[in-house]
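So you can see what is in the structure, the chains are spelled out below.
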Amino acid sequence: MSLYSEYMDEIATRKKDLGLNPKPIDSAELLSEIIEQIKDTGHEHRADSLKFFIYNTLPGTTSAAGVKAQFLKEIILGASVEGITAEFAFELLSHMKGGPSVDALLDLALSDDAAAATPAAEVLKTQVFLYEADTDRLEAAFKAGNAIAKDILESYAQAEFFTKLPEIAEKIDVVTYIAGEGDISTDLLSPGNQAHSRSDRELHGQCMMTPQAQQEIVALQKQHPDAKVMLIAEKGTMGVGSSRMSGVNNVALWAGQQASPYVPFVNFAPVVAGTNGISPIFLTTVDVTGGIGLDLKNWVKKVDASGDTVLDANGEPVLEEAYSVATGTVLTIDTKAKKLYNGGQELADVSSSFTPQKVEFMKAGGSYALVFGKKLQTIAANALGIKAPQVFAPSKEISIENQGLTAVEKIFNKNALGVASDTALHAGSDVRVRVNIVGSQDTTGLMTSQELESMAATVISPSVDGAYQSGCHTASVWDSKAQTNIPKLMSFMNKFGLITARDPKGVYPAMTDVIHKVLNDITVDDWSIIIGGDSHTRMSKGVAFGADSGTVAVALATGESAMPIPESVKVTFKGDMKGHMDFRDVVHATQAQMLKQFGGENVFQGRIIEVQIGTLMADQAFTFTDWTAEMKAKASICISNDETLIKSLELSKSRIQVMIDKGMDNDVSMLQGLIDLADKRIAEIQSGENPALAPDNNASYYAEVVIDLDQIDEPMIADPDVNNADVSKRYTHDTIRPTSFYAGTKKVDLGFVGSCMVHKGDMQIIAQMLRNLESQGEVKFNAPLVIAPPTYNIVDELKAEGDWELLQKYAGFEFDDSAPKGAARTEYQNIMYLERPGCNLCMGNQEKAAKGDTVLATSTRLFQGRVVEDSNEKKGESLLASTPMVVLATVLGRIPTLEEYKAAVKGITLTDFAPPSQDLSVEPQAVPVKVAG
């Protein structure tokens, strides 16, 4: 059977079973067969083949794109093909973005064929995804006296690829659609349990929200053909919990506009909004698509006659509606005045959504084009020996006299690129920065590889110190979907230059370690910037940002990222930890005490949390930084003392060495390079040349939060509060309750210890608790306990030290890497399950609890439908707690009383955390500072 016949069979099945269009073509072999049918003017499938070639072939560096570009080049050079003129061939090349299409255009533009060279040059002037090999060809031709090359370079230097684009519309009408009340997680827009389909955009689009919601959006579009549908998080924040690009892709698919008539299911320019704006990490994906994200502020705190905030019976602010955004309301965004209107009535100032930089993203159709365009302009100007004219909005560079630097300001200044100011920059400055460490995770990795193909990238930037492709999100079940997707992903990323969890050659064993833990280990400098394809990219060394699949692709391809320097919130501790408290309780108490101190305002949202942890090792400190994603912070930085940082770096070195010993290093010895960098950093600290990162003592913070450890006298539990009468307050991470709230009566159906919120110490705590319980009699579980260690390193260390043997003794199931599960578990017994390292239940894409269960977990996710779904009879609940709380709850089958808990952890050291004895801020360096503006 021919490939075309197989494709037609797939199309028929796809239409019959799923109601979908033909899948876009990325195979060179299939497209070559299609082209042969196009050349045969009498072929029975010629008409369809022509349509597939024109409208259904993926651009960029896919193998199909290479075949398509070559055929279009042949047509331009004289091959006669009915249905594709030379002029149309140039238009098709202009929509292919880069890679083979740019190669073909350069061949034509730099040729002696004048009839082809001039139009090829005109198309090239519109392209921005050029790489060093492309610009080197142009520069060489220019130096050889080629007039066309000079013309193209002059156009690039003037940034005509941007200046000749149409301006964004002054007035944009939108029709509102309430997607939900309260915070809307990206699980609603792109469910984790459908992660396997994310790279199939049309198929994945079917899972956004509900079929009913999709129909309602379509109905609104029919009723208001001149308005864009704007999805809204009423009384909440849009896009919390994840940087998921697939969420914005789905919104754009249903409510955006097609990016190119010749590229299927790639839409852009969606409009989303929230009463409390857009989650910072999700807003990045909105920028990637050239979309608009609005902070509506349509619900405000009610105040009394004295101007004081009115509180409800629970002591929380009462909100009142400032204006309505009920579904079906037609509003107007004035992009010049930067205001939101209902008819002639001004509703809100939306200037934060229309900064000069964001407007440029909208004009260019997304942020990628700006990143590459600015670089291309600089290269062209240098080649011509001229200064690049100021075309783009100037970077905002803010230096404030006599003000020190926060930790994040120091990191950004160290890694800044292309800064005009000769003095240190402060928060609010727009900065291009070098990215040191990049992580790609496996349920977004296929999208990242697609983005790399679409921007014509073929190899990782040499400026990246370390990059890793994980296998943790699909670790639980090696099913047909994983077997189809993961080897393909690992092969692509391995070839691209990343260290990969699985070896495409099969030399080293598969490693399903949780990506955040691996990134935490391979971050070997506290001055690093880390970008990772997951919202929990929150390292306890350096500063890490969870990012969408596309931003990860840009970081891999260019070694750079761009963002404003964020504001910071300083967090310190006072008092003493009680012996029965776990550090996870400190983490939860931090959020609770912060909200109380600031009258319910989340001062962490959109900012950097700079936490002075001091003597806590990086493994344990990660428990705090990881949770900051749920605090809605942009990122977190741990301020450590010299001795602790050195110990953490030595631990990183040992774990990187294990990866090397397994055979995971690549041709450029990336892992060995990280060990060398760690040695260099340790030497700097020991010599006093560059001590551990610390903020200046005259730095300026948005807020300062002091957490009183003396107030934490019982375990703290994050509760989804699923039955709260106010829908907007369900499934947030702001309801933190002491264990006494449950009075020992709350039934627990399943316990989960694992994913990125635990470390080796948690596994040791489980073993010690089992010993304690063993000494009191038979150990019996009254609810299932699922344990997923974060990494194989930890498992190996526990085996060497004897704790793993005890866990095995009480396990009713233990993972076997030689025979991984082929199907997700649907029922649980009241036993302990030792699962392979990975995300497991936290992701909700493979393993899940039974519908309607009440789950007590160490993970970060309490979202609806994530760890557990609702049943017809009962809402599923995912409550979050410390490891000892989860273990004891599964033994009892309920949340324990405080007395039961204290007895169970007696004699166990749960944490070594003690607040630093003094503020870790330092005297600022004596450098002159000027206001750069």
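Just so we're clear, the structure is a prediction, and the values are computed from it rather than from any experiment. (Residues numbered from 1 in each chain as written. Predicted model: local features only at pLDDT ≥ 70, side-chain atom pairs only at ≥ 80, totals over all residues. Heavy atoms only, no water.)

**Here we look at the sheet that holds strand β13 (residues 345-349)**
Inference 1: Strand order in the open sheet formed by 7 strands is β8-β7-β3-β1-β11-β12-β13, and the pairing between neighbours is mixed. With one partner strand each, in any of the chains shown, β8 (292-295) and β13 form the two edges of the open sheet. The average angle at which neighbouring strand axes cross in this sheet is 30 degrees, direction not considered.
Inference 2: Looking at chain direction, strand β1 (residues 171-181) and strand β3 (residues 228-234) are connected through 7 bridges and run parallel. Paired with Y177 across the two strands is L231, which belongs to β3.
Inference 3: Strand contacts of helix α13 (residues 211-223): β1 and β3, with the helix running at about 160 degrees to β1, the strand carrying the most contacts. (Pairing = 2+ DSSP bridges. Helix = DSSP H or I, 4+ residues; strand = E, 2+ residues; numbered from the N terminus. Axes fitted to C-alpha atoms, helices over the stretch in contact; angles between N-to-C directions. Contact = heavy atoms within 4.5 Å.)

**Description of the sheet that holds strand β19 (residues 529-532)**
Sheet strands associate in pairs through backbone hydrogen bonding, adopting either a parallel or an antiparallel arrangement.
Inference 1: Strand order in the open sheet made by the 5 strands is β18-β17-β16-β19-β20, with parallel pairing throughout. The sheet is open, and its two borders are formed by β18 (499-500) and β20 (543-546), each paired with just one other strand.
Inference 2: As paired strands, strand β16 (residues 437-440) and β19 are joined by 3 bridges and run parallel to one another. Across the sheet, V438 pairs through a bridge with I531, a residue of β19.
Inference 3: Its contacts with the sheet put helix α22 (residues 549-558) on β16, β17 (466-469) and β19, and the angle it makes with β16 is roughly 135 degrees.
Inference 4: Sheet contacts for helix α26 (residues 670-687): β16, β17 and β18; angle to β17, the most-contacted strand, approximately 135 degrees.

**Observations regarding the pairing of β19**
Inference 1: Of the two faces of β19, the one holding I529 and I531 and the one holding I530 and G532 are both buried throughout.
Inference 2: Note that β19 and β20 share 4 bridges and pair parallel. Bridging from a neighbouring strand, G532 pairs with G546 of β20. (Buried < 20%, exposed > 50% of the residue type's maximum accessible area, 1.4 Å probe, protein only.)

**Some thoughts on the nonpolar core**
Inference 1: Counting 264 residues, the largest nonpolar core has F53, I84, L231, F412, Y468, V543 and F604 as its most contacted members.
Inference 2: Setting aside residues no more than four positions away along its own chain, I84 makes contact with L50, F53, I54, L72, I75, A89 and L92. (Core = buried A, V, L, I, M, F, W, Y, C linked by side-chain atoms within 4.5 Å.)

**Considering the packing of aromatic side chains**
Inference 1: All told, the structure shown has 18 aromatic pairs when counted by the stated rule.
Inference 2: Here the aromatic rings of Y156 and F161 are separated by 6.2 Å at their centres, their planes lie at 55 degrees, and the arrangement is tilted.
Inference 3: A relative accessible area of 8% means that F161 is categorised as buried.
Inference 4: By the ring-pair criterion, three or more aromatic residues cluster together here, those being Y4, Y7 and F52. (Phe/Tyr/Trp six-rings, centres within 6.5 Å; stacked < 30°, edge-to-face > 60°.)

**Some details on α13**
Inference 1: An ideal rise of 1.5 Å per residue puts 18 Å on 13 residues; α13 measures up with 18 Å between its terminal C-alpha atoms.
Inference 2: Inspection of α13 places A213, Q214, I217 and L220 among the buried residues, and these make up the whole buried set. The buried residues of α13 all sit within an arc of 120 degrees when viewed along its axis, so they share a single face. Relative to its buried face, α13 has exposed residues pointing more than 90 degrees away, namely P211, Q212, Q215, K222 and Q223.
Inference 3: Elements in contact with the buried residues of α13: β1, α12 (201-205), β3 and α14 (245-255). (Expected span 1.5 Å × (residues − 1). Arc of directions from axis to C-beta.)

**A word on the pattern of salt bridges**
Inference 1: Scanning the model with the defined rule gives 54 salt bridges in all.
Inference 2: Measuring nitrogen to oxygen at the nearest pair gives 3.6 Å for the salt bridge that ties E36 to K39. Separated by 3 residues within a single helix, E36 and K39 lie in helix α2 (residues 28-39), roughly one turn from each other.
Inference 3: A relative accessible area of 45% places K39 in the partly exposed class. (Salt bridge = Lys/Arg side-chain N within 4 Å of Asp/Glu carboxyl O.)

**A look at unusual backbone geometry**
Inference 1: Here the phi dihedral of S669 falls at roughly 55 degrees; this positive angle occurs in a residue that is not glycine.
Inference 2: Notably, D721 is not glycine yet its phi reads approximately 50 degrees, a positive angle.
Inference 3: Relative accessible area serves as the criterion here: at 13%, D721 is assigned to the buried category.

**Comments concerning the side chain of D582**
Inference 1: Within the fold, D582 resides in the loop between β22 (568-574) and α23 (583-597).
Inference 2: It turns out D582 is buried and unbridged, and the closest side chain with the opposite charge, R584, is 6.9 Å from it.
Inference 3: Among the polar contacts made by the side chain of D582, one reaches the main-chain amide nitrogen of R584 at a distance of 2.8 Å. (Lys, Arg positive; Asp, Glu negative; His and termini not counted. Polar contact = N/O pair within 3.5 Å; in protein donor to acceptor, adjacent residues only side chain to side chain.)

**With respect to the side chain of Q357**
Inference 1: Among the structural elements, Q357 can be located in helix α16 (residues 356-364).
Inference 2: Classification of Q357 as buried rests on a relative accessible area of 18%.
Inference 3: A polar side-chain atom of Q357 sits 3.4 Å from the main-chain carbonyl oxygen of P394.
Inference 4: Apart from residues no more than four positions distant in its own chain, Q357 is found in contact with A393, P394 and D430.

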